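Analysis of the macromolecular model
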There are 2 protein chains.
Amino acid sequence: MRRVAIVGVGETKFGEEWERGFRDLIIEAGTRALEDADMKGNELEALYCGSMTPGMFVSQEHVGALIADYMGLNPIPAVRVEGACASGGIALREGYIAVGSGAYDIVAVGGVEKMTDVPTSFATNALGGAGDQEWELFMGMTFPGLYALMARRHMMEYGTTEEQIASVAVKNHLNGSKNKYAQFQNKITLEDVMKSKPIASPLKLLDCSPITDGAAVVVLASLDKAKMYTDTPIEIVGSAQASDSIALHDRENLTTLKATEIASRNAYKMARVTPADIKVAEVHDCFTIAEILAIEDLGFFKKGEGGKATMEGRTELNAEVSINPSGGLKACGHPVGATGVKQAVEIAWQLRGEAGERQVKGAEVGLTHNIGGSGATCVVHVLRRVD
Amino acid sequence: MRRVAIVGVGETKFGEEWERGFRDLIIEAGTRALEDADMKGNELEALYCGSMTPGMFVSQEHVGALIADYMGLNPIPAVRVEGACASGGIALREGYIAVGSGAYDIVAVGGVEKMTDVPTSFATNALGGAGDQEWELFMGMTFPGLYALMARRHMMEYGTTEEQIASVAVKNHLNGSKNKYAQFQNKITLEDVMKSKPIASPLKLLDCSPITDGAAVVVLASLDKAKMYTDTPIEIVGSAQASDSIALHDRENLTTLKATEIASRNAYKMARVTPADIKVAEVHDCFTIAEILAIEDLGFFKKGEGGKATMEGRTELNAEVSINPSGGLKACGHPVGATGVKQAVEIAWQLRGEAGERQVKGAEVGLTHNIGGSGATCVVHVLRRVD
């Protein structure tokens, strides 16, 4: 496979974007990415887009073709990929493989979800499709409940406290306050999280990522063409994906996401790096406990020490490893199909030194970690600036 | 890119399969394809699956991970792709690119849809997501209505008759009567079609493909490994995809699907063949008029002559070009996400000489043609037996 780099990035404001529809969001992000790459639409040879459940949210499937059409990109091939909340990460990986293969030189990879046109109860139900419908959701389980089980088990096995878990939210809101694209730009205190209303104990409202509208796009090019578009190509040096049981009850272990372990080890190997080389990472904090699992499973901290490490500030901006500088899913927001692509947008900005107030100093290698469901899919990418 | 071949194929019975669920169908097809390749599941390195709207039909998304899990394939990467009724064709193309790139040596490509668990009116609505929700479906349009407009225009421009259009159904039911996997194995007469109840004039009930449950799987391998699994690898010698406007009212022309023209010309060029080299083709006859458009747009017959050619028997089994030997979407059935893969299964059987009563004699090159929506996506593959 050929070497592949990100040459342009763009995203919309994340939030309750009631003035704009599904197609408006992805067009805005796509246009920004093209402008960022100083590229015309007709230079694109194909389009990949992650979206989890536009059929349920806006009654629209066939969104690859819809986007190609509304972006004025016909007749290029347009492919939607889906892997629940990992849809964006999978889209990035498929775009990477397609350019790496030589099938195309330049492709756009997008992610989009429009989630606020339906009542919250309907959204919770639609998102339930990320789990095992017949054996989990049909029985009354919801995603806050699934992650609450993981949190309880982590607390029991490792003595992790509710305060440690809550400290993830405090950090991510602080990071989000420095991100103009974030859904929540307000700082919160540990007390705010602890006093927020229980959703699925031990998880409280401020432990949960929100329902969000938003889109993100990156433009990929073969490395030999990348320099035509940017002085700072961000190369995809590692890309890996892994699957695990879709139902939580089928796992041997509730406190490790095996798919994260496998995907990250394969991505590190491919990129020839170790966790210690990663100074900035966007990880999948759909719930605060998920970030604790992630930083352990990715190898940044030992199993069981993620909560303590977070509470001690070791994952803050410019600490040992800067986790979720964008604010993460928790504060930046979680338009499910867009999240995996937005993570790559943020890491690209970080590696280019364009992250403003939330810039991680001297970041040269970054990582994105995108989860589908309760861990049945994990996609990890390692990105590096090419000078 | 490396050369890639189909080394195993399998499909379920298509029909109203009320005894089996979504996951049962894809597992059955997958198991058959593995058995056909004489391969164990752990030899697969990744999984691609086309499914249009499992969220709407069975409240289940994240179906890549679901299938990997229920097939016992964890932790390999699993990707669902969606492009409305072209989801299966896109899955095949993505699997082809992935093996061609060298990312994997062996992948399974599946397609599945479970459509009969919901009322027909709900299904019609869900399928409407293949069109432009905001400008077509929301206004009351349905897919029979869209194809009826194309039929009326074809009749007006070229003098095509309702009987000529109906003759597609008669031929496809005759082919389907020779296919044990077909949903409809009954022969019908021209009179049966003409007297069937109007759905969206000029299209009548027997001009329409049915609502179907079913799944199909092909196993792909790099050509250098293919001979380990089969004596008759079926090489993918051409693969192309194109997009067009998602709404019918945005097209310059209602009687040509531009995406078919572009995708087929690109696939022919890649395969170094002309339409005259193709002796057997599975084309997208979601409605009878769609087969007439397809055989013209693919270059088998001149524009406007498809109806007459069909009525004259020139597309029957072992005539000039054998169109839809499986019975097509009309008689074999149309489980939307599975259709594009089932087309490849049928062509593989034909090129191997394993199609029994419906065998096309001396077929060495075959074609699959899969459409999404009213023509916003088209995927064409050219397949050739490797001796």
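Our subject is the structure that appears above.
Residues numbered from 1 in each chain as written. Chains lettered and ligands numbered in written order. Predicted model: local features only at pLDDT ≥ 70, side-chain atom pairs only at ≥ 80, totals over all residues. Heavy atoms only, no water.

1. Description of the relation of the copies chain A and chain B
Of the transformation placing chain A onto chain B, the axial shift is 0.0 Å and the rotation is 180°, giving an RMSD of 0.0 Å. On the angle and the small slide along the axis, the relation comes out as a two-fold axis. Most of the interface of chain A is mirrored in chain B: 100% of its interface residues are interface residues there too. (Least-squares fit on C-alpha atoms with pLDDT ≥ 70 in both. Contact = heavy atoms within 4.5 Å.)

2. Things to note about the interface of chain A and chain B
Of the residues lining the interface, 57 residues belong to chain A; the matching set on chain B comes to 57 residues. Here chain A meets chain B over a buried area of about 4200 Å², counting both sides, of which 49% is carbon and sulfur. Considering only the surface of chain A that becomes buried against chain B, E61, H62 and E82 of chain A emerge as the three largest contributors, covering 16% of it. On the surface where chain A and chain B come into contact, there are six salt bridges. (Buried area = accessible area lost by both parts, 1.4 Å probe. Salt bridge = Lys/Arg side-chain N within 4 Å of Asp/Glu carboxyl O.)

3. Notes on the environment of G304 of chain A
Residues and elements named next belong to chain A. Tracing the sequence through the fold places G304 in the loop between α12 (288–297) and α13 (306–311). Relative accessible area serves as the criterion here: at 13%, G304 is assigned to the buried category. In this structure, the C-alpha to C-alpha distance between G304 and E157, residues 147 residues apart in sequence, is 7.8 Å. (Helix = DSSP H or I, 4+ residues; strand = E, 2+ residues; numbered from the N terminus. Buried < 20%, exposed > 50% of the residue type's maximum accessible area, 1.4 Å probe, protein only.)

4. What to know about unusual backbone geometry
A cis geometry characterises the amide bond from N74 of chain A onward to P75 of chain A, with omega recorded as 10°. P202 of chain A follows S201 of chain A through a cis peptide bond whose omega is 15°. Residue placement: P202 of chain A occurs in the loop between β5 (198–200) and β6 (203–204). Non-glycine residue N318 of chain B carries a positive phi angle of around 65°. Note that N318 of chain B resides in the loop between α13 (306–311) and β10 (322–323). Overall, the relative accessible area of 34% leaves N318 of chain B in the partly exposed class. Positive phi, normally seen in glycine, also occurs at N324 of chain B, with a value near 55°. Mapped onto the elements, N324 of chain B comes out in the loop between β10 and α14 (328–331).

5. Examining the pairing of strand β4 (residues 106–114) of chain B
Residue and element names in this part refer to chain B. Counting buried residues along β4, nine of its nine residues qualify, which places the element largely inside the surrounding structure. The alternating pattern of β4 places I106, A108, G110, V112 and K114 on one face and V107, V109, G111 and E113 on the opposite face, and all of these are buried. In terms of strand pairing, strand β2 (residues 46–50) meets β4 through five bridges, oriented parallel. Within β4, the position partnered with Y48 by the bridge is V109. (Pairing = 2+ DSSP bridges.)

6. Focus: the packing of aromatic side chains
Under the definition given, this model contains four aromatic pairs over all chains. Relative to W349 of chain B, the ring of Y181 of chain B lies with its centre 5.5 Å away and its plane at 15°, an arrangement referred to as stacked. Of this pair, Y181 of chain B sits in the loop between α8 (162–176) and α9 (190–195) while W349 of chain B sits in helix α15 (residues 336–352), and the two are 168 residues apart along the sequence. Taking the relative accessible area as the measure of exposure, W349 of chain B reaches 10% and is therefore buried. Sitting over the face of the ring of Y70 of chain A, R23 of chain A holds its NZ or CZ atom 4.5 Å from the ring centroid. (Phe/Tyr/Trp six-rings, centres within 6.5 Å; stacked < 30°, edge-to-face > 60°. Lys NZ or Arg CZ within 6 Å of the ring centre and 35° of its normal.)

7. Considering a nonpolar patch on the surface
Residue and element names in this part refer to chain A. Taken together, the side chains of W135, F138 and M139 present a nonpolar region at the surface, about 420 Å² in accessible area. Its place among the elements puts F138 in the loop between α6 (133–137) and α7 (143–158). The class for F138 is exposed, based on a relative accessible area of 65%. (Patch = residues over 30% accessible without salt bridge, like charges linked within 9 Å, V, L, I, M, F, W, Y side chains within 5 Å. Areas by Shrake-Rupley, 256 points an atom, 1.4 Å probe, with all protein chains shown as cover.)

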